Amino acid sequence: MPSSKSKAFVTDLLSRSNVSLDGANPWDIQVHDDRFYDRVLSQGTLGVGETYMEGWWDADHLDETLYRGLVGDIPASLPLDPGLIWSIVRGKLFNMQRARVSEVGEKHYDIGNDLYTRMLDKRMIYSCAYWEHADTLDAAQEAKLDLICRKVGLMPGMRILDIGSGWGGFLKFAAERYGVEGIGITVSKEQAAYANANRDGLPIETKLMDYQSLDGQFDRIISIGMFEHVGYKNYRPFMEKARSLLRPGGLLLLHTIGGNVSTTHGDPWTEKYIFPNGMLPSARQIAAASEGLFVMEDWHNFGAYYDKTLMAWHANFEAAWPELKDKYGERFHRMWRYYLLLCAALFRARKIQLWQVVFSPNGVPGGYRSVR
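Treat the numbers as computed from the prediction; the structure is a model and nothing was measured. (Residues numbered from 1 in each chain as written. Predicted model: local features only at pLDDT ≥ 70, side-chain atom pairs only at ≥ 80, totals over all residues. Heavy atoms only, no water.)

1. What to know about the packing of helix 9 (residues 137-151) against helix 10 (residues 169-178)
The cut-off we apply is this: Every angle, taken between N-to-C directions, lies between 0 and 180 degrees, and every axis is a line fitted to C-alpha atoms, over only the stretch in contact when it is a helix. A run of H or I in DSSP becomes a helix once it reaches four residues, and a run of E becomes a strand once it reaches two; helices and strands are each numbered from the N terminus. By definition in this entry, angles of less than 35 degrees are roughly parallel, angles greater than 145 are roughly antiparallel, angles of 65 to 115 are roughly perpendicular, and the rest are oblique. Handedness of a crossing follows from how the near helix is turned relative to the far one, being left-handed for an anticlockwise turn of less than a right angle and right-handed for a clockwise one. Contact criterion: two residues are considered in contact whenever any of their non-hydrogen atoms come within 4.5 Å of each other.
With their axes 10 Å apart at the nearest point, helix 9 and helix 10 run at an angle of 65° to one another. Taken together, helix 9 and helix 10 sit at an angle that is classed as roughly perpendicular. Seen along the crossing, helix 9 lies across helix 10 with a hand that is right-handed. Facing helix 9, whose interface residues are E142, L145, D146, I148, C149 and R150, helix 10 presents G169, F170, F173, A174, R177 and Y178.

Right under this line is the structure:
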C-alpha cells in the first residue's frame with residue numbers, strides 16, 4: 001500500500017492541472033498499481049515514465065495528460081530525484097558526448113529500420129516537419145527540406161555537407177531538386193547503410209564517422225536534428241569545426257530543438273531510455289558558441305509544428321504496431337508511446353522549441369533575406 005502522504009501529494013499535484021485519479025475525462029489517470037505514488041515521490045519524472053512503461057497507470061489521451069501536467073508545472077513541484085542529481089553531476093564532471101560518440105547511434109538510431117520506415121514519412125525524415133501549407137506528413141517534410149534548401153540558396157554544382165544526416169533524406173532531396181553534390185555523416189550504422197543503398201546514382205555519399213574527424217571544404221553546411229547530441233561542453237568546438245569546413249562565402253544552417261533556459265544536463269528518463277547523453281541547447285548557448293566565428297543571419301522558431309509532427313509519428317507507430325509487436329514487445333510499445341507523446345506535450349506547452357538558425361562566416365554582403 002502507498003503511504004497516505006505520497007498518495008495525497010500526487011492527488012493534490014494532479015488536481016492543480018485539472019487531472020483526476022480514476023476520473024472520467026480522457027486525460028485523467030487510471031492507476032493500476034498503488035506503488036505508483038511512492039515511485040513518483042521518490043523518483044520524480046523518472047518514476048512517472050518508468051511506472052507508465054511498467055503498466056502501473058494509463059490515460060486514454062496521454063499527450064493531453066502530460067501537456068496539462070507541464071502547463072501546471074508539475075515537474076518543478078516534484079522532489080529532486082536521484083536520477084536528475086546524477087545527470088547534473090555527470091554533466092559537470094564528464095564529457096560523455098565525446099567519450100561515447102557512437103552510443104546514441106547504437107542505442108537509438110540502430111534499433112531497427114523496420115520501426116522507422118513505418119513511423120516516418122516516405123523520405124525517412126526524423127525531425128520537425130513544416131506544416132505551413134501542408135496537410136500530410138509527406139508533404140510537410142518535403143516542405144521542410146525545400147525550406148532549408150531555399151534558406152541556404154542551393155544552386156547546381158554546389159558541394160554540401162550534412163552533419164548528422166540520418167537516413168539520407170535531405171541529401172537525396174537536395175541532389176534531386178537542386179542539382180548539388182554532397183556528403184552526409186552519421187554515427188549510426190543502420191542509417192549509413194540505408195542512405196547509401198538508396199541514393200539512386202546521385203552524387204551523394206553517407207559516411208559512418210564523427211563530425212570532428214571530417215576534413216574538406218563545402219559551399220553549404222546543414223545540420224538537422226543533430227545538435228541535441230553535441231553536449232554543452234562541445235557547442236563551441238562544433239562551431240569551430242563547422243567554420244573550418246565552410247568556404248568563405250558559404251552558409252551554415254543549424255536545425256535544432258532548443259530549451260527555454262540554459263542547462264548542463266538532460267532529462268533523466270529521456271537520457272536513460274531514448275537519447276543517451278542528450279541535452280537541449282538554449283538560445284544563449286548557441287549565440288555564445290557562435291560568437292566571433294559566425295554572423296547570425298536568421299533565427300526561425302516553428303516549434304509548434306513539432307507537436308503535429310510527433311502526433312503523426314505516433315499515429316503511424318500505433319497503426320504499425322501489430323506488425324512490430326513480436327520483435328519489440330509491450331514494454332517497448334509503452335516506452336515509445338510515452339516518448340512520442342511526452343515530446344508532443346512539451347512542444348504543445350511551449351516548454352521546448354524548434355529553431356532554424358542561419359549563419360555566415362563574415363556577413364552576407366548587402367544583407368541576408370529571410371525565407372519562410
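2. Some words on the nonpolar core
Counted only if it meets this: Take the buried residues of types Ala, Val, Leu, Ile, Met, Phe, Trp, Tyr and Cys, join any two whose side-chain atoms come within 4.5 Å, and each joined set is a nonpolar core. Summary of the burial criterion: residues with accessible area below 20% of their type's maximum are buried, those above 50% are exposed, and those between are partly exposed, where the area comes from a 1.4 Å probe applied to protein chains only.
Y126, L154, F170, W269 and W336 are the most contacted members of the largest nonpolar core, which totals 94 residues. Among the elements that line this core, the one with the most residues is helix 15 (residues 304-348), at 22 residues. Not counting chain neighbours up to four residues away, the residues in contact with W269 comprise T45, L46, G49, E50, M53, I274, M335, Y338, Y339 and L342. Grouped together as the second largest cluster of nonpolar side chains are 27 residues, L214, F218, F238 and W355 included.

3. Re unusual backbone geometry
The phi angle of most residues is negative, glycine excepted, and most peptide bonds adopt the trans form. If you check the backbone angles, D73 has positive phi at about 60° while not being a glycine. Topologically, D73 is positioned in the loop between helix 3 (62-71) and helix 4 (74-77). The exposure class assigned to D73 is partly exposed, which follows from its relative accessible area of 39%. If you check the backbone angles, M124 has positive phi at about 60° while not being a glycine. Looking at the element boundaries, M124 is found in the loop between helix 8 (113-119) and helix 9.

Just distances and angles here, no functional claims.
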